[in-house]
Amino acid sequence: MDTRDAHDLARALLAQHGLTSWSVEWDSAKTRAGVCRFPEQTIGLSAPLTRLHDEAEVRDTILHEIAHIVRGDVDSSVAVDVDLAAASVTKVERAADDRARHWIFPDGVDLRPPLSRARVAAWARTARVHPAFAVGCLQADGRSPREEWSGRPHSTGPGESV
């Protein structure tokens, strides 16, 4: 995504959440897409990674950082995001991801079985999110896309399957 467009998107999302005193700064990070700097009231975005990512992925990153702000995750001067698939992800990171997911999908993920990579990708494009974010949302809802792709039943609740 073009960095000027990403900056405009970040400013608009900050304003939408009443955070007009916060600013957006660029850095050259290559191992994380975004960072929240509470003392300076800035969201830092990686210029190299932003240029590599599409609008949906940049939007996800910005909303994740805004979720840190709204939640007040100020246990250190800088909240650095890590790989959300890693087992070592903190509760703070998971909570920020949950908040961002709720903003994007307030009514939950409406993607019914049978799933395929093509269906998830098409749905992600329609929802304007990155396909990996869509899969993460399904997993957070207790669904296993891998099981659904392979045709195994999906449990919807105790004793139920689809």
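Residues numbered from 1 in each chain as written. Predicted model: local features only at pLDDT ≥ 70, side-chain atom pairs only at ≥ 80, totals over all residues. Heavy atoms only, no water.

A. Quick peek at the pattern of salt bridges. Applying the stated criterion across every chain yields a total of 4 salt bridges. Across the pair Arg32 and Asp27 runs a salt bridge whose closest N-O atoms are separated by 2.6 Å. A relative accessible area of 18% means that Asp27 is categorised as buried. Across the pair Arg101 and Asp98 runs a salt bridge, and its minimum N-O distance is 2.6 Å. Of this pair, Arg101 and Asp98 both sit in helix H4 (residues 91–104), 3 residues apart, roughly one helical turn. Under the relative-accessibility criterion, Asp98 is labelled partly exposed at 37%. (Salt bridge = Lys/Arg side-chain N within 4 Å of Asp/Glu carboxyl O. Buried < 20%, exposed > 50% of the residue type's maximum accessible area, 1.4 Å probe, protein only. Helix = DSSP H or I, 4+ residues; strand = E, 2+ residues; numbered from the N terminus.)

B. Layout of the pairing of strand S2 (residues 34–37). Where S2 lies against strand S3 (residues 42–46), 4 bridges are found, and the strand directions are antiparallel. Directly across from Arg37, in S3, lies its bridge partner Thr42. Between S2 and S3, which follow one another and run antiparallel, lie 4 residues, and Gln41 among them has a positive phi close to 50°. (Pairing = 2+ DSSP bridges.)

C. Representation of helix H3 (residues 55–71). Between the first and last C-alpha of H3 there are 24 Å, a value that for 17 residues agrees with the 24 Å anticipated at 1.5 Å per step. Counting buried positions over the 17 residues of H3 gives 13, a clear majority of the element. Within two residues after H3, Gly72 carries a phi angle of roughly 75°, on the positive side. (Expected span 1.5 Å × (residues − 1).)

D. Region of the structure containing the nonpolar core. Within the largest apolar cluster, 33 residues are counted, with the highest numbers of intra-cluster contacts made by Leu14, Trp22, Ile62, Ile66 and Phe105. When near neighbours in sequence (up to four residues on either side) are disregarded, Trp22 contacts Arg11, Leu14, Cys36, Arg37, Phe38, Gln41, Thr42, Ile43 and Ile69. (Core = buried A, V, L, I, M, F, W, Y, C linked by side-chain atoms within 4.5 Å. Contact = heavy atoms within 4.5 Å.)

E. Fine view of H4. End to end, H4 covers 20 Å across 14 residues, agreeing with the expected 20 Å (1.5 Å per residue, within 8%). The complete set of buried residues in H4 reads Glu93, Ala95, Ala96, Asp97, Ala100, Arg101 and Ile104.

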